[in-house]
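# Structural overview for review
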Amino acid sequence: MVFNFYHRLSQRNKQVYRLSDRIDAMELPHPERLRAAVAQLPVVLRQRDPRAVRPVCAQITDGITKQLEAPPVRVQVLATRPSSDWGELHGLYEPVEERKSARITVWMRTAKRRQTVAFRTFLRTLLHEMCHHLDYEHFHFCESFHTEGFYKRESSLYYQLTATAPEQQKLNF
């Protein structure tokens, strides 16, 4: 499946898009090793302190990169999401640049009400940004597109880390 912006891409980026779209899962060799950190995430989110949340996020991202033998990524957790007329920013991936290592930034409170983001939303945002990192550093794509395959990879990580089947998730909205 291609999204509308696909038709505006260069031939090279169309090829990357199609490659990304075909990869629909990220299989972790030992997802059970990361589930304790994932279980800690809702506990530390309730503390409303980014300094408590960051090390748990780092355990999760470090565990994923080690299991997939990908380069590490730094994680930054900030308090309130930035917003504008375009909406709220949930997460941000900054790829490797010159001497700076890659970084994921996630925000733990909504912009308007300053409420702590729900566990599932927060984890999915972290994994979404992690998928951008893996596109560049594990698959060696020159771009990271939001393809159907990209979203399936994000979901596959979520299901492995939460030990839930996709069918169960549909019932928990």
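Because the structure is predicted, anything quoted here is derived from the model rather than measured. (Residues numbered from 1 in each chain as written. Predicted model: local features only at pLDDT ≥ 70, side-chain atom pairs only at ≥ 80, totals over all residues. Heavy atoms only, no water.)

### As for unusual backbone geometry
The phi dihedral of Arg-48 falls on the positive side, at around 60 degrees, and the residue is not glycine. Not every positive phi belongs to a glycine, and His-140 is a case in point at roughly 60 degrees. Topologically, His-140 is positioned in the loop between helix H4 (119–137) and helix H5 (148–162). Using a relative accessible area of 62% as the deciding quantity, one classes His-140 as exposed. (Helix = DSSP H or I, 4+ residues; strand = E, 2+ residues; numbered from the N terminus. Buried < 20%, exposed > 50% of the residue type's maximum accessible area, 1.4 Å probe, protein only.)

### What about the sheet that holds strand S1 (residues 74–80)?
Pairing in this open sheet of 3 strands is mixed, and the strands run S1-S5-S4 from one edge to the other. Each edge of the sheet is formed by a strand with only one pairing partner; in this case those strands are S1 and strand S4 (91–94). Along the sheet, successive strands turn relative to each other by an average axial angle of 20 degrees, direction set aside. Bridge analysis of S4 against strand S5 (residues 103–109) gives 4 bridges, and the strand direction is antiparallel. Note that in S5 the partner of Glu-94 across the bridge is Arg-103. (Pairing = 2+ DSSP bridges. Axes fitted to C-alpha atoms, helices over the stretch in contact; angles between N-to-C directions.)

### Comments concerning the side chain of Asp-21
Looking at the element boundaries, Asp-21 is found in helix H1 (residues 11–22). Notably, Asp-21 is buried but unbridged: the nearest opposite-charge side chain belongs to Lys-152, and the N-O separation is 6.8 Å. (Lys, Arg positive; Asp, Glu negative; His and termini not counted. Salt bridge = Lys/Arg side-chain N within 4 Å of Asp/Glu carboxyl O.)

### Comments concerning the packing of helix H2 (residues 35–45) against helix H3 (residues 50–67)
It is the contact of H2 with H3, at a shortest axis distance of 9 Å, that shows an interaxial angle of 165 degrees. Taken as axis vectors, H2 and H3 run roughly antiparallel relative to one another. Relative to H3, the crossing made by H2 is left-handed. The segment H2 lies against H3, with Ala-37, Val-38, Gln-40, Leu-41, Val-44 and Leu-45 engaging Ala-52, Val-53, Val-56, Cys-57, Gln-59 and Ile-60. Tallied by class, residues from the contact of H2 with H3 come to 10 nonpolar, 2 polar and no charged. (Parallel < 35°, antiparallel > 145°, perpendicular 65-115°, else oblique. Left-handed = near helix turned anticlockwise from the far one by under 90°. Contact = heavy atoms within 4.5 Å. Nonpolar A, V, L, I, M, F, W, Y, C, P; charged D, E, K, R; others polar.)

### Comments concerning H5
In a regular helix each residue adds 1.5 Å, so 15 residues correspond to 21 Å; H5 covers 21 Å between its end C-alpha atoms and thus fits that length. Extensive coverage of H5 is indicated by the burial of 12 of its 15 residues. Restricting attention to buried positions, one finds in H5 the residues Gly-149, Phe-150, Arg-153, Glu-154, Ser-155, Ser-156, Leu-157, Tyr-158, Tyr-159, Gln-160, Leu-161 and Thr-162. Between the side-chain oxygen of the N-cap and the backbone nitrogen of Gly-149 there are 3.3 Å, and the N-cap of H5 in question is Thr-147. Where H5 ends, the next residue or the one after it, Ala-163, has phi of about 55 degrees, a positive value. (Expected span 1.5 Å × (residues − 1). Polar contact = N/O pair within 3.5 Å; in protein donor to acceptor, adjacent residues only side chain to side chain.)

### What about the nonpolar core?
Ranked by size, the top nonpolar core spans 37 residues in total, and within it Leu-41, Val-53, Ile-60, Ile-64 and Phe-122 carry the most contacts. Of all elements in the fold, only H2, H3, S1, S5, H4 and H5 reach the threshold of two or more residues within this core. Each residue touching Ile-60, except ones within four places of it in the same chain, is listed here: Leu-34, Ala-37, Val-38, Leu-41, Leu-123, Leu-126 and Leu-161. Among the nonpolar cores identified, the runner-up in size contains 6 residues, and Leu-9, Val-16, Phe-141 and Phe-145 belong to it. (Core = buried A, V, L, I, M, F, W, Y, C linked by side-chain atoms within 4.5 Å.)

### Quick notes on the packing of aromatic side chains
Aromatic ring pairs are reported here in terms of the distance separating the ring centres and the angle at which the planes meet. For the structure on display, the rule yields 8 aromatic pairs. Plain terms: the ring middles of Tyr-93 and Tyr-136 are 5.9 Å apart, the flat faces sit at 15 degrees to each other, and that makes the pair stacked. Pair noted here: Tyr-93 is in strand S4 and Tyr-136 is in helix H4, with a separation of 43 residues, a long-range link. Note on Tyr-136: relative accessible area 22%, which makes it partly exposed. Among the aromatic residues, ring-to-ring pairing joins Phe-5, Tyr-6, Tyr-17 and Phe-145 into one connected group. (Phe/Tyr/Trp six-rings, centres within 6.5 Å; stacked < 30°, edge-to-face > 60°.)

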